[in-house]
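# A look at the structure
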Amino acid sequence: MKKITSFLLAAVAAGAVQQAGALNYAPTHLFLVFRQDATKDVLFDIGSVSNYLALATGTQTPVSFNQNTVVTNFPSGMAGVRFGIIGTTSQIDPLPRIWVTDATVLTTPAQMTFSKFSTISGKLDNVNLNAAIYTLSNAAPYIISTAASSSYDYLVTGGTLSAVTTFNGDAPTPVGGGLAPLPVDAVNPTTIALYQMEVSATNPKPAATLVGAFTLDINGNLTFTAGALPVLAASRITGIQADPLNSQSATVSFQTVVGANYALYYADEAAGPWQVVPGAGVANGDGTVQSLTDYDASAPMRFYRIETLY
């Protein structure tokens with residue numbers, strides 16, 4: 001299941017357009033990465049991180065990229081494809097920083113030791129510089145085999161063709177300890193948080209800086225929200241179809257919005273406790289009325305609610 005955020009929240013407004021153009025990569029530029037095991041990676045340069053840092057908190061900015069290139073690269077289009085954002089300063093920058101997304105959203109990564117920071121920065125720099133070199137003569141996105149030693153999949157992830165020592169093994173860990181690395185990319189459609197990370201000699205390590213969040217919706221639209229996680233839109237149940245005597249199932253219909261996901265919860269009493277309905281799955285919002293089904297609605301009385309997810 002995706003990250004649980006809230007049951008009912010307010011909607012947000014949109015802002016200006018950001019273009020994902022040629023791979024004229026320079027340090028501090030961000031790369032949008034799409035990956036899937038055993039399929040070629042696709043990378044887009046989405047411009048300098050300064051374009052995102054300069055926005056007022058809450059500003060929403062659409063980020064364009066060639067969706068057709070992504071869809072045609074993967075066997076099932078964008079279904080099951082992971083995406084993430086990466087970037088780094090140059091190796092000689094007086095203020096070394098890296099920018100990576102965190103797919104857990106609600107778990108803040110900690111700043112890093114010099115050793116871990118150097119390892120991650122070097123791998124990101126390798127991915128980004130090779131992307132720029134191989135696309136020097138054209139404006140196309142960078143498409144590369146996951147088995148290539150300079151690919152994002154090989155250097156950064158724990159994918160099936162990744163290197164023995166990967167970014168995944170050296171990845172940021174949560175504030176307050178814990179050895180489990182935080183995932184950098186996530187299966188679309190969802191929201192992932194973008195953090196700025198630096199070297200810290202303090203123990204325990206302080207929290208990294210939240211730059212904002214990227215939301216990729218079911219229609220392939222990518223939006224950046226500056227300085228915060230996007231506020232999720234409220235959901236409204238529009239109907240319930242139940243036949244407990246014959247089918248012992250109940251189908252709950254509800255209004256969705258683009259960019260949010262939805263899960264079905266139940267309780268035997270209005271006051272709870274509430275639990276996710278087993279086997280109901282998650283609905284990807286597209287602006288239409290959708291439904292989720294409880295296939296074991298055999299209790300004399302059952303209450304339902306829809307939870308909004310990133």
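Scroll up to find the structure.
Below or above, wherever it landed, is the structure these notes cover. It should be emphasised that the depicted structure is a prediction, and the values quoted were computed from it without experimental measurement.

### Some points on the overall build of the protein chain
The helix and strand inventory of the protein chain stands at 5 helices and 19 strands. Considering the protein chain as a whole, with its 310 residues, one finds that 48% of them fall into the buried category. In the protein chain, the share of contacts with a sequence separation of at least 24, taken over all contacts with a separation of at least 6, comes to 69%. Surface accessibility of the protein chain: about 13500 Å² in total, with carbon and sulfur atoms responsible for 56%.

### A few points about the sheet that holds strand β18 (residues 289-294)
Strands sit in the order β13-β14-β18 across an open sheet of 3 strands; the sheet is antiparallel. Strands with a single pairing partner mark the edges of an open sheet, and in this sheet they are β13 (236-242) and β18. Strand-to-strand twist in this sheet, taken as the mean axis angle between neighbours without regard to direction, amounts to 25°. Pairing analysis gives 6 bridges linking β13 to strand β14 (residues 250-255), with the strands arranged antiparallel. Paired with Ile-237 across the bridge in β14 is Phe-254.

### Notes on the pattern of salt bridges
A complete count under the given rule lists 6 salt bridges for this structure. Arg-97 is the salt-bridge partner of Asp-93, the closest N and O atoms lying 3.9 Å from each other. By relative accessible area, which is 21% here, Asp-93 ends up partly exposed. On the accessibility criterion, Arg-97 (16% relative accessible area) is buried. For Arg-302, the salt bridge identified is with Asp-268, shortest N-O distance 3.7 Å. Residue Arg-302 is found in the loop between β18 and β19 (303-309), and its partner Asp-268 is found in the loop between β15 (261-267) and β16 (275-276); the two are separated by 34 residues along the sequence. Exposure remark for Arg-302: the relative accessible area of 22% places this residue in the partly exposed category.

### Focus: the packing of aromatic side chains
Applying the stated criterion to the full structure yields 7 aromatic pairs. Ring centres of Tyr-52 and Phe-224 lie 5.0 Å apart, and the angle between their planes is 85°; on these two criteria the pair is classed as edge-to-face. A residue pair is termed long-range when its members are at least 10 positions apart, and Tyr-52 in helix α1 (residues 50-53) and Phe-224 in strand β12 (residues 222-226) qualify at 172 residues. As far as the burial class goes, Tyr-52 and Phe-224 line up, both buried. For the pair Phe-254 and Tyr-262, a centre-to-centre distance of 5.5 Å together with 45° between the ring planes defines the contact as tilted. In terms of burial, Phe-254 and Tyr-262 fall into one category: buried. Of the aromatic side chains, those joined through ring pairs into one cluster are Phe-34, Phe-44 and Phe-65.

### So, the environment of Ser-118
Structurally, Ser-118 is set in helix α3 (residues 114-134). Only 2.9 Å separates the side chain of Ser-118 from the backbone oxygen of Phe-114, close enough to count as a polar contact.

### Structural notes on the environment of Gly-77
With respect to the helices and strands, Gly-77 occurs in the loop between α2 (67-73) and β6 (82-88). Sequence-wise, Gly-77 and Gln-67 are 10 residues apart; in three dimensions their C-alpha atoms are separated by 9.6 Å.

### Thoughts on the side chain of Asp-41
Within the fold, Asp-41 resides in strand β4 (residues 39-48). Here Asp-41 occupies a buried position and makes no salt bridge, while the nearest side chain of opposite charge, Arg-35, is found at 5.0 Å. In contact with Asp-41, other than residues within four places in its own chain, are Phe-34, Arg-35, Tyr-142, Ile-143, Ile-144, Thr-146, Ser-151, Tyr-152 and Asp-153.

### A few points about a nonpolar patch on the surface
Residues Leu-129, Ile-133 and Tyr-134 make up a contiguous nonpolar surface patch of about 330 Å² in total accessible area. By secondary structure assignment, the location of Leu-129 is in helix α3.

### Considering α3
Helix length check: α3 (21 residues) gives 30 Å between terminal C-alpha atoms against 30 Å at 1.5 Å per residue, within 8%. What α3 keeps buried is the set Phe-117, Ile-120, Ser-121, Lys-123, Leu-124, Asp-125, Val-127, Asn-128, Asn-130, Ala-131 and Ala-132.

### Focus: the nonpolar core
Among the nonpolar cores identified, the biggest contains 27 residues, and Leu-32, Phe-34 and Phe-214 are the most heavily contacted of them. Among the secondary structure elements, those contributing two or more residues to this core are β3 (29-36), β4, β6, β10 (190-197), β11 (209-216) and β12. Within the second largest apolar cluster, 22 residues are counted, among which are Phe-31, Met-112, Ile-144 and Tyr-152.

### Notes on the environment of Tyr-154
Within the secondary structure layout, Tyr-154 lies in helix α4 (residues 152-156). Between the alpha carbons of Tyr-154 and Asp-41 there is a distance of 9.7 Å; along the sequence they are 113 residues apart.

Reading the values: rules and limits
- Residues numbered from 1 in each chain as written.
- Predicted model: local features only at pLDDT ≥ 70, side-chain atom pairs only at ≥ 80, totals over all residues.
- Heavy atoms only, no water.
- Helix = DSSP H or I, 4+ residues; strand = E, 2+ residues; numbered from the N terminus.
- Buried < 20%, exposed > 50% of the residue type's maximum accessible area, 1.4 Å probe, protein only.
- Contact = heavy atoms within 4.5 Å.
- Areas by Shrake-Rupley, 256 points an atom, 1.4 Å probe, with all protein chains shown as cover.
- Pairing = 2+ DSSP bridges.
- Axes fitted to C-alpha atoms, helices over the stretch in contact; angles between N-to-C directions.
- Salt bridge = Lys/Arg side-chain N within 4 Å of Asp/Glu carboxyl O.
- Phe/Tyr/Trp six-rings, centres within 6.5 Å; stacked < 30°, edge-to-face > 60°.
- Polar contact = N/O pair within 3.5 Å; in protein donor to acceptor, adjacent residues only side chain to side chain.
- Lys, Arg positive; Asp, Glu negative; His and termini not counted.
- Patch = residues over 30% accessible without salt bridge, like charges linked within 9 Å, V, L, I, M, F, W, Y side chains within 5 Å.
- Expected span 1.5 Å × (residues − 1).
- Core = buried A, V, L, I, M, F, W, Y, C linked by side-chain atoms within 4.5 Å.

These results come straight from atomic positions and should not be treated as a statement about function.
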